[in-house]
Amino acid sequence: MILSKTPYFFIVFLILISAQLSAQIIPPTPVCVRTDSVFFEIPTEFCGDFEGYVLFGSNTENGTYDIIDTIFDMNQTVYFHPNPDGLTWYYYMQTNADCVGQIPLNSDTINNIIPELVQINYVSVDGNEVEIDWDESTSTQVVGYVVKRVTDLGTVSVDTVFNTSFYTDTQANPDSQPEVYYILGIDVCDNTSIFDNPHFTTHLTSTVDICERRIELNWNPYQNWTEGIEKQELWLSINGTTPQIIAELDASIDTFIFENANDADTYCFYIEGIENNTGFISRSNELCQTVDIIQPNNDLVFTNVTIDDNDEIQVSWYWNEDAELEQYQLSGSINGVEQAAEVFMIVDPLTSITTYTDPVLATDSDYMYTIQTTDACGDVVETMVDHIYLQGTPLPNRDNQLFWTMLDIPNALDVEYKLYRIENLTSTLVSTTTDDLTELTDVFDASRNPTANTCYYIEAVANIVLPDGSLNRIRSRSNTTCVIQEASIRSPNAFTPNGKNPIFKPRVDFGDEVLSYKMLIFDRWGGLVFETNKVEQGWNGRNRNGKDMPQGVYTFMIQLQQASGAFLEDKGALMLLR
């Protein structure tokens, strides 16, 4: 077969190129340098008799390379090159062989420079594990990374990883201590990079003050970020809720006080540090604890003070049932005068609303009560209540003016005041007012009540909003007060013992309420001819011996004291006609 010219010349060209490549002498392959020893791999084929491996070296990468030595052992793979001054060396190798017309090739260059320093981006806690992230090395020497952790026994290797720049340490114990890490680059000869500054996990701890009801958090802020900490965020979950940021803190802050912790609640805290400029985030361990604190008496309020049908005073109050109390003390005052306090030991369980009946019978007085509780920490909580105090006064027109103090209970809604008059042992509703009015006038009706003394009481009706949000309907009754109309004396100026008006008897209005009474009759010379201390007894014109007195002018003097203590006096002249 005759080939065309063009294909023929192409085939000849390929043969010449192949011959030229095969005419090159393959060098050893330098692998790495470790402790002044150059490691290399021997060629897989030789073109002629072996004469040696030539090692070239220079202190600069692009400088002049000199022959360091020739290795005559065909199977040798390590050459020791002393470097007592720790200089930087660059190496390459050739193979000497008896291959006529063939050119020795240079190997790739290696050096004794250790792998580049590895920069950690962050270490962060995830549950019981620690995540480490770092920048991947740009050095071609680095083939992997050694993860090192500081322990009580020193700095130990945790693992060696390849083809990644992220590692999760599953054997860490970040809940007990800050974990400290280094990342080292490693080459094929197990040379490692130098140690950079270690990175510490943030370790969060706490102490609970059972009496102050607070949790004190302490931690070590993240250490050795190149850019420093921009801020720290404190996160909190209560009883399994979604965590929320409760505080943003400066980089140097390492303490936080969480106030008003509730007994038996579970609090889970963690800290996140954020690096300046990069935004890298490092999370601390999550600290969860169910707190056991002394539950305070947060909700102590009086709910009622009233006088019952037995004229005994009842006080009621509300306290949170979970309060861990040791004792409470109840004391009162009457018209501002303190009474002896009574101390009670707590008997668990507490009931939300407690009622106490004061054995002292109520009078027309102003009553105030104070309750004081002491919890297991010795903390004292106190509140007081003043009952509705009703007072009255008679008006000149014989009406009765009533006025009272308002219902002294916080969170009272829809308050109405009902004024009752007591008549023949029966209570009659006089009027109803709102909480804006605390004064009423009762029109006196002598035909309905001929006595001077009229008694009243107020009953307040209200809804009390309790601290737990529920409503408590109450009736609070005041003291009973009696209004005494002032007595008056109307005396005649003449009488006829044997005629139509046979007795001199002054008219005393509301004489039924008189404490003392005296009437004296004198003759024209000042001699006493008659006296009596009975309102219903008059003078019949006779002297004390029963003898008729003669017609003429006489003088009288009347003195009386009302039940209210007020004194009245009337005196003048009268004509006795026969």
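You'll find the structure just up there.
Residues numbered from 1 in each chain as written. Predicted model: local features only at pLDDT ≥ 70, side-chain atom pairs only at ≥ 80, totals over all residues. Heavy atoms only, no water.

1. Observations regarding the overall build of the protein
Rule in force here: Strands here mean DSSP runs of E at least two residues long; helices mean DSSP runs of H or I at least four residues long; both are numbered from the N terminus. Within these notes, the globule rule equals 2.2 Å times the number of residues to the 0.38 power, and the radius of gyration is based on C-alpha atoms. Only protein chains enter the area calculation, which uses a 1.4 Å probe; residues under 20% of their type maximum are buried, those over 50% are exposed, and those in between are partly exposed. Should any heavy atoms of two residues lie within 4.5 Å, those residues are considered in contact. Note on areas: these come from Shrake-Rupley sampling with a 1.4 Å probe, and a residue is covered only by the protein chains present in the view. Charge counting follows a simple rule: Lys and Arg are positive, Asp and Glu are negative, and His as well as the terminal groups are ignored. Think of each charge as sitting on NZ of Lys, CZ of Arg, CG of Asp or CD of Glu.
The helix and strand tally for the protein stands at 1 helix and 47 strands. Taking 578 residues into account, the globule formula puts the C-alpha radius of gyration at 25 Å, and the protein, at 56 Å, lies well above it. With the C-alpha coordinates aligned to their principal axes, the bounding extent of the protein is approximately 190 × 60 × 40 Å. In the protein, which comprises 578 residues, the share counted as buried stands at 41%. Intrachain contacts of the protein at a sequence separation of at least 6 include 60% that bridge at least 24 residues. Carbon and sulfur atoms provide 49% of the accessible area of the protein, an area that totals close to 30,900 Å². Put simply, the protein has 27 plus and 84 minus side-chain charges, and the middle of one group is 39 Å from the middle of the other.

2. Some words on the environment of Ile-521
Here Ile-521 shows up in strand S44 (residues 514-522). Distance from Ile-521 to Met-557, taken between C-alpha atoms, is 6.8 Å for residues 36 residues apart in sequence. Here Ile-521 is in contact with Phe-504, Gly-527, Leu-528, Val-529, Phe-530, Trp-539, Tyr-554, Thr-555, Phe-556 and Leu-574, once residues within four sequence places are set aside.

3. Examining the pattern of salt bridges
It is possible for side chains of opposite charge to pair when their charged atoms get near one another. What counts here: A pair is scored as a salt bridge if a Lys or Arg side-chain nitrogen falls within 4 Å of a carboxyl oxygen belonging to Asp or Glu.
Tallying each qualifying case throughout the model produces 13 salt bridges. Arg-213 is the partner of Asp-379 in a salt bridge, and the nearest nitrogen-oxygen pair spans 3.1 Å. You can see Asp-379 sitting in the loop between strand S31 (367-375) and strand S32 (380-386) and its partner Arg-213 sitting in the loop between strand S17 (204-209) and strand S18 (214-219), a full 166 residues away along the chain. Take Arg-213: its relative accessible area is 11%, and that puts it in the buried class. Between Asp-548 and Arg-578 there is a salt bridge whose closest N-O contact spans 3.8 Å.

4. Some thoughts on the pairing of strand S36 (residues 426-434)
What counts here: Only when DSSP finds a minimum of two bridges between them are two strands counted as paired.
Two strands pair when backbone bridges link them, and strand S35 (residues 412-423) and S36 are joined in this way by 8 bridges, in the antiparallel orientation. Looking across to S36, one finds that Tyr-420 is bridged to Leu-429. Where S35 hands over to S36, the hairpin turn is made up of 2 residues, of which Asn-424 adopts a positive phi near 50 degrees.

5. Regarding unusual backbone geometry
In this chain, Asp-348 is followed by Pro-349 through a cis amide linkage whose omega measures -5 degrees. With respect to the helices and strands, Pro-349 occurs in the loop between strand S29 (342-345) and strand S30 (353-361). Of note, Asn-260 is a non-glycine position whose phi angle comes to about 60 degrees, a positive value. When you line up the elements, Asn-260 lands in the loop between strand S21 (255-258) and strand S22 (266-275).

6. Regarding the state of the cysteines
The condition that has to hold: By disulfide we mean two sulfur atoms from cysteines, separated by a distance within 2.5 Å.
Counted according to the given criterion, the structure contains 5 disulfides. The disulfide partner of Cys-47 is Cys-99, and the S-S distance across this bridge is 1.6 Å. Here the S-S torsion is close to 110 degrees, and the disulfide linking Cys-47 with Cys-99 is therefore right-handed. One end of the pair, Cys-47, is in the loop between strand S3 (37-41) and strand S4 (49-58); the other, Cys-99, is in the loop between strand S7 (90-98) and strand S8 (103-104), and 52 residues separate them in sequence. For Cys-47, a relative accessible area of 36% corresponds to the partly exposed category. According to the relative accessible area criterion, Cys-99 is buried, its value standing at 8%.

7. Considerations on the side chain of Gln-232
Test applied: In protein, a polar contact means a hydrogen-donor-capable atom and an acceptor-capable atom, both N or O and within 3.5 Å, with residues adjacent in sequence counting only if both atoms are side-chain atoms; elsewhere, any N or O pair within 3.5 Å suffices.
Looking at the element boundaries, Gln-232 is found in strand S19 (residues 229-238). A distance of 3.3 Å separates a polar atom in the side chain of Gln-232 from the backbone oxygen of Ala-251. A polar contact is formed between the side chain of Gln-232 and the backbone oxygen of Ile-253, at a distance of 2.9 Å. Those residues in contact with Gln-232, other than ones at most four positions away along the chain, are Trp-219, Pro-221, Ala-247, Glu-248, Leu-249, Asp-250, Ala-251, Ser-252, Ile-253, Ile-271 and Glu-272.

8. Regarding the side chain of His-81
Within the secondary structure, His-81 is located in the loop between strand S6 (78-80) and S7. Accessibility expressed as a relative area gives 10% for His-81, which makes it buried. Setting aside chain neighbours within four positions, we find His-81 in contact with Asp-36, Ile-68, Trp-89 and Tyr-91.

9. With respect to a nonpolar patch on the surface
Test applied: Here, patches come from residues exposed beyond 30% relative accessible area and free of salt bridges, joined within 9 Å for like charges and within 5 Å for nonpolar side chains (Val, Leu, Ile, Met, Phe, Trp, Tyr).
Judged by side-chain polarity, Val-31, Val-143, Phe-162 and Val-188 come together as a nonpolar surface patch covering roughly 320 Å² of accessible area. Within the secondary structure, Val-143 sits in the loop between strand S11 (129-134) and strand S12 (144-151).

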